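Breakdown of the fold
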Amino acid sequence: MMEELDVEPAITNIPAASDGKHLGFAWGPGDILAYETLYKASSGAKGSGCSFIHEVRKDEDIYSPILRKLFNESHHIFVGLQTIKEDLPSKNKKPQFVSISKNYRSVIRACMEELQQVAVSTKDAKVAMQYGNQVSILLAIELIWNLAEVLFIDSAPAGSLLLHLLDWVRLHKADVDERPRVLQSESPAEHKTTGMWAGWKNPDRFSEQATLHPAPRNMYKLMDTLLSKMPFYNTLTEYDVKWRHWHEEVDRCLQDNSFASNKHLEIICRLGMKTLAGHKELLALVSLPGHETTLQPPYSPTHRSCMTMFLDSRSVPEPLDNILLAAFEFDIHQVIKECSIALNNWWFVAHLTDLLDHCKLLQSHNLHFGSNLREFLLLEYASGLFTHHSLWQLAVDYFDHCPDLGRVYLELQIERVPLNTERKALKVLRICEQRQMSEQVRSICKIMAMRALKNNRLGSALSWSIRAKELPLPPSSQRGTFSDLDLIDNLGPAMLLSDRLTFLGKYREFHRLYGEKRFGEAAKLLLSLMTANIAPRSFWMTLLTDALPLLEQKEVIFSAGQTYELMFCLEELTSSLSSVAPATDGTMQDEDIEQTKVELLRLALARNLAMAIVKEGTVST
């Protein structure tokens, strides 16, 4: 049974489908090709028109030139993270993890700023909207990553954690510093945002009121004293003790009706107690495990109460609200799940999960179908990169660091990379050779060899065939000219890969010996090519023709026995040619030429045989 979906999949409208046309489709690694067919889906189809192929892409971000920088820079950070040694103590690794997390966030912010500049400068409203949406997504990503860094990766003690959370709020909320600005102004009471907060933080104002109104002077002084004793956070234990004492003193004043004659002061007193009670509950929420005042999530309802307070009865939480809520509940897997649903690609969840996994925060969570959560997300992200014409090179490193299924994915994906040029083919080949992927190496070399052969680039075809360690060349390769003599001269052990390659190397050696006027060695090698059946039968006439200059030498080169063998080869060749079906008129001229060659060869062999017999007989006597 399939697992129930968390959310309904997004609907993609294809223009042809709305016109009632019948569509076929083909799945790709990262997209779908939808095409119009001749089948009439309904009688209401609008006209015939022309057929189109519609490409439905899963991830459009990888085609953005600015976001491509995000993928490239984060790749370098990812590779550096994998080099951190596992055997290092956790205390030594934690600063490195925090530094890496900050590097990720700096890359996000750099891309965000560049997108913002382009969105502002462009005159195309559609492009500006597109970049604006990408900026919004990156803002949310950086917000979530920063919170995850504070709560999970850095995981500072309660006091420092609260300060980090305040910094997180200040960084991502522009108006959070309004209250400090109010207190620093010359007239805090006249500031538009001044309320009870200004009174609590500026108790001297109650002393001024006591001077202006002598009758309730004692009441104002008492409020002044209470506010001056109001505890400020230093450490959790100290704050808890001071808060309890201050709470008891304020409660005693309320019980004694010390402010009964001034409702405003009484309200301030009660609000102060409630406000600090909320502060204490927030501190308990983020305090260290095991502390006596700790209310560990999900038992503390504070975060849910806050969200309910800011949402009206008809509103529902947005995806970002759910992600932040899960983070404050310390539910890492729910954070990853919500992000996977909300975001349109795997970049964020793959890199964040990888970092959290290195922090040993995901050890207890494995998937039911093989790899763990980290590897699953990295594989999905890398598979998406492989659909891009240049980013596929980055995906190789991600596959390398997936120990369970990474190599299998790489072997399947590398075969889908289009080999448009020899330069790209060499890149793919180098990747496969470094990882000892012999089947893929052989396949790439065969493809490039056949392509070069079809383009009549025999030298390149031979080079790729040697790399493939086999020579699957069709008979058409036996014709034509070959100019890459250096390649043949340096074949070395590759000559033994096939009989044809051996013949090519030996035939080149024959010409080299002939050029050096080492006629005896050249004649022996030429004869062995035919008698050992190294040379193809169709090439024998060429070899016999090459023997003519040796037969016409004043000095006897071929012995009587060698001459007999040459005659036998010639008769074998002529008998096989005579058994072929009669040629057409178009090849009659070629046959006359061949017949002339045969007659010249017979005459030269007869003369050489006579000279060899005389020479050998003279030597024997």
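About the criteria used
Residues numbered from 1 in each chain as written. Predicted model: local features only at pLDDT ≥ 70, side-chain atom pairs only at ≥ 80, totals over all residues. Heavy atoms only, no water. Helix = DSSP H or I, 4+ residues; strand = E, 2+ residues; numbered from the N terminus. Buried < 20%, exposed > 50% of the residue type's maximum accessible area, 1.4 Å probe, protein only. Contact = heavy atoms within 4.5 Å. Areas by Shrake-Rupley, 256 points an atom, 1.4 Å probe, with all protein chains shown as cover. Phe/Tyr/Trp six-rings, centres within 6.5 Å; stacked < 30°, edge-to-face > 60°. Lys NZ or Arg CZ within 6 Å of the ring centre and 35° of its normal. Salt bridge = Lys/Arg side-chain N within 4 Å of Asp/Glu carboxyl O. pLDDT = per-residue confidence, 0-100. Expected span 1.5 Å × (residues − 1). Core = buried A, V, L, I, M, F, W, Y, C linked by side-chain atoms within 4.5 Å. Domains from an automatic or database assignment. Disulfide = S-S within 2.5 Å. Axes fitted to C-alpha atoms, helices over the stretch in contact; angles between N-to-C directions. Parallel < 35°, antiparallel > 145°, perpendicular 65-115°, else oblique. Left-handed = near helix turned anticlockwise from the far one by under 90°. Nonpolar A, V, L, I, M, F, W, Y, C, P; charged D, E, K, R; others polar.

Attention now moves to the overall build of the chain. Helix and strand content of the chain: 27 helices and three strands. Every one of the 621 residues in the chain was classed for burial, and the buried ones make up 38%. Of the contacts made within the chain by residues no fewer than 6 positions apart, 59% connect residues no fewer than 24 positions apart. For the chain, the computed accessible surface area is about 36,700 Å², with 55% contributed by carbon and sulfur atoms.

Now for the environment of Arg-500. Mapped onto the secondary structure, Arg-500 falls in helix α23 (residues 499-515). According to the relative accessible area criterion, Arg-500 is partly exposed, its value standing at 32%. Separated by 36 residues in sequence, Arg-500 and Pro-536 have C-alpha atoms that sit 7.9 Å apart.

Quick look at helix α13 (residues 319-328) now. Listed in full, the buried residues belonging to α13 are Ile-323, Leu-324, Leu-325, Ala-326 and Ala-327. Trailing α13 by a residue or two, Phe-330 shows a phi angle of about 60 degrees, which is positive.

Turning our eyes to something else, we now look at the packing of aromatic side chains. Under the criterion given, the structure shown has 16 aromatic pairs. With centroids separated by 5.6 Å and ring planes inclined at 65 degrees, the aromatic side chains of Trp-145 and Phe-348 adopt a geometry described as edge-to-face. Residue Trp-145 is located in helix α4 (residues 125-154), and its partner Phe-348 is located in helix α15 (residues 347-358); the two are separated by 203 residues in the primary sequence. By relative accessible area, Trp-145 is classed as buried at 0%. Ring geometry for Trp-168 versus Phe-328: centroids 6.0 Å apart, planes at 70 degrees, classification edge-to-face. Highlighted residues: Trp-168 in helix α5 (residues 158-172) and Phe-328 in helix α13, separated in sequence by 160 residues. The ring of Trp-540 carries Arg-537 above its face, with NZ or CZ at 4.3 Å from the centroid.

As a further point, take the pattern of salt bridges. Under the counting rule described, the total for this entry stands at 15 salt bridges. Measuring nitrogen to oxygen at the nearest pair gives 2.8 Å for the salt bridge that ties Lys-69 to Glu-114. Of this pair, Lys-69 sits in helix α2 (residues 65-82) while Glu-114 sits in helix α3 (residues 90-121); the two residues are 45 residues apart in sequence, bridging distant segments of the chain. You can call Lys-69 partly exposed: its relative accessible area is 41%. Lys-102 is paired through a salt bridge with Glu-149; the nearest N and O atoms lie 3.2 Å apart. Note that Lys-102 is positioned in helix α3 and Glu-149 in helix α4, a separation of 47 residues in sequence.

Per-residue pLDDT for the chain averages 75, and the proportion of residues at 70 or more is 67%. Segment residues 1-5: pLDDT under 50, and zero contacts once partners within four positions in sequence are set aside and those in other chains are kept.

On to helix α25 (residues 540-551), then. Look at α25: 16 Å from first C-alpha to last across 12 residues, which is about the 16 Å you get at 1.5 Å a residue. With nine of 12 residues buried, α25 is to be regarded as a mostly interior element. Within α25 the residues assigned to the buried category are Trp-540, Met-541, Leu-543, Leu-544, Asp-546, Ala-547, Leu-548, Leu-550 and Leu-551.

Among the structural elements, Lys-229 can be located in the loop between α9 (217-228) and α10 (236-255). It is 9.6 Å that separates the C-alpha atoms of Lys-229 and Trp-243, two residues lying 14 residues apart in sequence. Not counting the four nearest positions on each side in its chain, Lys-229 is found in contact with Trp-246 and Glu-249.

What follows covers the side chain of Asn-345. Inspection of the secondary structure puts Asn-345 in the loop between α14 (332-342) and α15. In this structure Asn-345 comes out as buried when scored by relative accessible area, which is 15%.

Counting residues in hydrophobic clusters, the biggest one holds 84 residues, and the most contacted among them are Leu-138, Trp-347, Phe-348, Phe-386 and Ile-414. Of the domains in this structure, domain 2 (157-179 + 193-287 + 300-313) and domain 3 (419-495) are the two that each give at least three residues to this core. When residues no more than four places from it in sequence are discounted, the contact partners of Trp-347 are Leu-70, Phe-71, Ser-74, Ile-108, Ile-141, Trp-145 and Tyr-381. Ala-522, Leu-527, Leu-544 and Ala-547 belong to the second-largest nonpolar core, a separate cluster that totals 31 residues.

The full count for this structure, using the stated rule, is zero disulfides. Distance from the sulfur of Cys-445, which forms no disulfide, to the nearest cysteine sulfur (Cys-432) is 9.2 Å. Residue Cys-445 is classed as buried on the basis of its relative accessible area, which comes to 0%.

Here we come to unusual backbone geometry. Of note, the phi angle at Gln-436 is positive, near 55 degrees, even though the residue is not glycine. Examined against the element boundaries, Gln-436 turns out to sit in the loop between α19 (422-434) and α20 (438-454). In the Ramachandran plot, Lys-517 falls in the positive-phi region, its phi being about 60 degrees despite a non-glycine side chain. Residue position: Lys-517 is located in the loop between α23 and α24 (519-531). We classify Lys-517 as exposed; its relative accessible area is 66%.

Right, let's get into the packing of helix α16 (residues 373-385) against helix α17 (residues 392-400). Contact pair α16 / α17: the axes reach a minimum separation of 8 Å and the direction vectors enclose 160 degrees. By the angle between their directions, the pair α16 and α17 is classed as roughly antiparallel. α17 is crossed by α16, and the crossing has left-handed handedness. Taken together, the residues of α17 that come into contact with α16 (itself represented by Leu-378, Leu-379, Tyr-381, Ala-382, Ser-383 and Leu-385) are Trp-392, Leu-394, Ala-395, Tyr-398 and Phe-399. Here the contact of α16 with α17 is composed, by residue class, of 10 nonpolar, one polar and no charged.

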